Amino acid sequence: MNVEQLLFALFALLTCAGAISVVICQNVVRMAFSLIVCLASVSALFFLLSADFVGATQLMVYVGGTVVLLIFGVMLTSSSTLLQIRTSPAEGFLAAGIGVLFLAVFSFTAWSVDWDANSDRIARVTAVDVPPQGYNEASSGNTVRPLAMAFVGLRPDKGGNAAGYLLPFEIISVHLLVVLIGAAYLARTKRRVSADTQNK
Amino acid sequence: MDAVSLNYVLAIGAVLFVCGVICMTTKRNGIGILMGVELVLNGANLNFVAFSRYTSLGLDGQVVSLFVIVLAAAEAAVALAIALNFYNNHLTIDVDRGDELHG
Amino acid sequence: MSLILAAESLAEIIRDTLTECESCSVAIAAIIHVALVGAFFGLPAGIFIWAERKVSARIQDRLGPTRVGGRFGWLQSLADGAKLVQKEDLAPAAADKFLFRIAPYIVVIASFAAFMFLPFTDGWSAVSLDVGLFLLFGMLSLEVLGVILAGYASASKWALFGGMREAAQMVSYEIPMSICALVPIVMAGTLNLNEVIHYQSADWIGVIPPFLHWNVFHPVAGPAFVVYFVCATASCKRAPFDLAEAESELVAGFLTEYSGMRWSFFFLAEYASMFLVSAVAAILFLGGWDDGFGIVRSLKGSSTDVLAPSVILGNLIGAAVLMAKASKLVLLQIWVRWTLPRLRIDQVMTTCLKYLLPMACALFLAAVVYPIALLVWTGRPQLLPRLNNEQVKAEVLTSSEVEVKVAAADGEVIQ
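Notes on the structure follow. Computed from a predicted structure; not experimentally measured.

Before going further, it helps to examine the overall build of chain B. Per the secondary structure count, chain B includes 3 helices and 0 strands. Start at the N end of chain B and walk to the C end: the helices and strands fall as α-α-α. Put simply, chain B has 103 residues, and 61% of those count as buried. Considering only intrachain contacts with a sequence separation of at least 6, the fraction spanning at least 24 residues in chain B is 56%. For chain B, the accessible surface area stands at approximately 3600 Å², while carbon and sulfur atoms represent 65% of it.

Here you go:
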């Protein structure tokens, strides 16, 4: 067992433990903490898969942004501290059973596909000249420049003749702006209305 | 050359997805449901990145996963605004109470 | 081994000299790196805690600590630490014990992990990645999670208010801070911190000294440095932005229920992140390990042998220069703390969202437009002439050239 496998096993275990304890915990802030552990371990897995920019974005946007937002939500909506809303045990058992079945289906599917043959077929169909083991050699994880190129519509990593992502990138920028304004508006006006009604 | 085979990464993605789905269905706390959504999206992300590493798809998988992360952040912001409105109207975050349209 | 990128070179040396086993050499190299980064994390924090006491005493016309360790009380931090270790580890009865206990560790780990990406001198960094600065800010943004959890888990109103204020403040100030940090990044054309320093270091050109190439003397990046530093002070929750622990309003904010070692972890992390943001400011704007008179550059020359004496000497001088610059900035933060009165919470948020954020955005735009304007009027994208043009990565090209050059350059990157 080499270092890479050891680290992978460690973070895989942390990811699964975090995800499962998000489901099991009843206290919302405990859930948020488990979510932090889970998402941070996923970002470590991204680094192990030599996707360093995605891993960094995961840390910055997900763990440092989205989860903070969620905890804020918890604090603004909990009427008492250390809030708990319980689900009934019967529902829990039912959900666990369905979950195990789901997991079995997924694992069975993943293990019964011959990925190498599929990979060859994709390479044949797209007729793009790429190295057979994907973009990343194990020794390089520096994906910032190629990713930035892909976002402005250039694909030097695929010999320049593949599709770039300029239009989706622009759309998502506008989308973010719309969401920013919309979320601020949604969260703000309603509260002012309720404050007014209380004053009356 | 593979130190870890693709199937193990996919299995972790599946665990994340399943945990997220269970979380969405069983939690009655609105914010808990949001956390389930985040877990599902992360499971999908892990699969995208794994495919970009292990198959000939190249960087496309990473690009898609970046889009997913950004959209998830946007979704969390809007969903949180909705949750705050829900709390203002019902004085609780328990989604089972939002049953005014129940006939 | 792609995992521990900078441990790679050290691991190779260990494999050649000590042991054959690949995993063992990687592990030993990793442990050495952790020990070194840990020293850089702990020692400056201890020194600055002492410095804070001495500087505040001078500003208030007192003497400060005088006894511990003979003159000047220079062992005061150690004595404080020894006192804090002895204290009982208390947790309030109403608190969520698990989260209450784990919150200080989150803060310390986040602050410590961000140290991994600092290039202490040319090539001496634990992890040298193309996403360096981005990842550093990502790690730093995890600190706020520990603070919120601490505030919430204490089950006290003061702590909760302190945690909420702190979260709002840190999340808001991160935005202008990151945008300002992007200004030198746009100029250097890379997120790798060491390459940003290389962009700023140059040789003597006639009578023009090399330090004029530092970003702080750049007409756009200079103001960006000021805005960055204000935001960095705020994101370290230092006065005049220390609303989260404002003792006159909130007892001690999210620290109210903490005592002993756990309290000192927060304290350690605060001083460590002060040093961290100052070091990042020194790297991005003040030339990092570049001494400004070409000494380090001439000592290192073009030698590629990392163990040659002149290279090691140059690297040591570079590390000392970076430390000196970062320490100066920390002293500036201490000076500001004991001079300015505290703002109100609404004033803090107004300063950030109404003034600093637009300024940061304008500076970012200016950083993009400025080289193009210079190119149109003077024919070259920067004011000062440069001899080493191959290091200037932020070349402004006409649009027809971009595609050709980009494709060629990235062909190399991939191979």
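On to the interface of chain A and chain B, then. Between chain A and chain B, the residue contacts involve 84 residues of the former and 69 residues of the latter. Roughly 7000 Å² is buried in total at the junction of chain A and chain B, and carbon and sulfur atoms are behind 77% of that figure. The tally of links from chain A across to chain B stands at 0 salt bridges. For the side of chain A that touches chain B, the elements supplying multiple residues, two or more each, are helix H1 (3-24), helix H2 (28-48), helix H3 (52-77), helix H4 (89-111), helix H5 (115-126), helix H6 (144-151) and helix H7 (166-199) of chain A. Among the residues making up the side of chain A that touches chain B, the classes are represented as 57 nonpolar, 19 polar and 8 charged.

Turning to the side chain of Thr66 of chain A, a few remarks are in order. Along the chain, Thr66 of chain A turns up in helix H3. Contact partners of Thr66 of chain A, with chain neighbours within four places excluded, come to Val61 of chain A together with Glu38, Ala73 and Ala76 of chain B.

What follows deals with the pattern of salt bridges. All names here are of chain C. As enumerated under the stated definition, the model contains 3 salt bridges over all chains in all. A salt bridge links Glu52 to Arg337, with the shortest nitrogen-to-oxygen separation between them at 3.7 Å. Of the two residues, Glu52 sits in helix H2 (residues 22-59) while Arg337 sits in helix H13 (residues 309-337), which places them 285 residues apart along the sequence. For Glu52, a relative accessible area of 5% corresponds to the buried category. Ionic pairing is found between Asp346 and Arg344, a salt bridge with its closest N-O pair at 2.9 Å. Classification of Asp346 by relative accessible area gives partly exposed; the value is 38%.

Among the surface-exposed residues, Leu182, Val186, Leu365, Val368 and Val369 of chain C lie close enough to one another that they form a single nonpolar patch of about 380 Å² accessible area. Residue class for Val186 of chain C comes out partly exposed when judged on its relative accessible area of 31%.

Relative orientation of the contacting elements H3 of chain A and helix H2 (residues 30-54) of chain B amounts to 170°, with a least axis distance of 11 Å. Taken together, the axes of H3 of chain A and H2 of chain B are roughly antiparallel relative to one another. Facing Val54, Gln58, Tyr62, Thr66, Leu70, Gly73, Val74 and Thr77 of chain A of H3 of chain A, the residues of H2 of chain B in contact are Ile31, Leu34, Met35, Glu38, Leu41, Asn42, Asn45 and Val49 of chain B.

Turning our eyes to something else, we now look at empty space enclosed by the protein. Residue and element names in this part refer to chain C. Under the defined criterion, the tally for this structure stands at 4 cavities of 30 Å³ or more. Quantified by volume, the largest cavity comes out at close to 70 Å³. Lining the largest cavity, in full, are Leu140, Glu143, Met170, Glu174, Met177, Ser235, Cys236, Ser273 and Val277. Elements with a minimum of two residues in the lining of the largest cavity: helix H7 (157-188) and helix H11 (260-285). Residue classes in the lining of the largest cavity are distributed as 5 nonpolar, 2 polar and 2 charged. Phe117, Pro119, Ser125, Val127, Ser128, Leu129, Gly132, Asn192, Leu193 and Asn194 are the residues that line the second largest cavity. Residue composition of the lining of the second largest cavity, by class: 5 nonpolar, 5 polar and no charged.

Each value, and the rule that gives it
Residue positions are counted from 1 within each chain, in the order its sequence is given. Naming scheme: in the order in which they are written, chains are lettered from A and ligands are numbered from 1. Owing to the predicted nature of the model, reporting of local features is limited to residues with pLDDT of at least 70; listing and counting of side-chain atom pairs is limited to 80 or more, with chain, interface and lining totals taken over all residues. To obtain the side-chain values, all non-hydrogen atoms of the structure were included, while hydrogens and water were left out. To qualify as a helix, a DSSP run of H or I must reach at least 4 residues; to qualify as a strand, a run of E must reach at least 2; elements of each kind are numbered from the N terminus. Relative accessibility decides the category of a residue: with a 1.4 Å probe and only protein chains considered, values under 20% of the type maximum give buried, values over 50% give exposed, and everything between is partly exposed. Between two residues, a contact is recorded if the distance between any of their heavy atoms is within 4.5 Å. Surface accessibility follows the Shrake-Rupley procedure with a 1.4 Å probe radius. Residue values consider only the protein chains on display as shielding. Here the buried area means the combined drop in accessible surface, using a 1.4 Å probe, for two parts upon being joined, counting both sides. Think of a salt bridge as a Lys or Arg side-chain nitrogen and an Asp or Glu carboxyl oxygen that are within 4 Å of each other. Gly is placed with the polar residues, together with every amino acid not listed as nonpolar (Ala, Val, Leu, Ile, Met, Phe, Trp, Tyr, Cys and Pro) or charged (Asp, Glu, Lys and Arg). Note on patches: the residues involved have over 30% relative accessible area and no salt bridge, like charges join within 9 Å, and the nonpolar side chains Val, Leu, Ile, Met, Phe, Trp and Tyr join within 5 Å. For helices, the axis comes from a line fit to the C-alpha atoms of the stretch in contact; other axes are also lines fit to C-alpha atoms, and the angle between any two N-to-C directions lies between 0 and 180 degrees. For this classification, under 35 degrees means roughly parallel, over 145 means roughly antiparallel, 65 to 115 means roughly perpendicular, and everything else is oblique. Note on definitions: the grid is 1 Å and covers protein atoms alone; a cavity is a set of points where a 1.4 Å probe fits but cannot get out; a pocket is an open set with protein on both sides within 12 Å along at least five of seven lines; lining residues have an atom within 4 Å of a point. Grid points are joined across faces, edges and corners, and a volume is the space filled by probe spheres set on the points.

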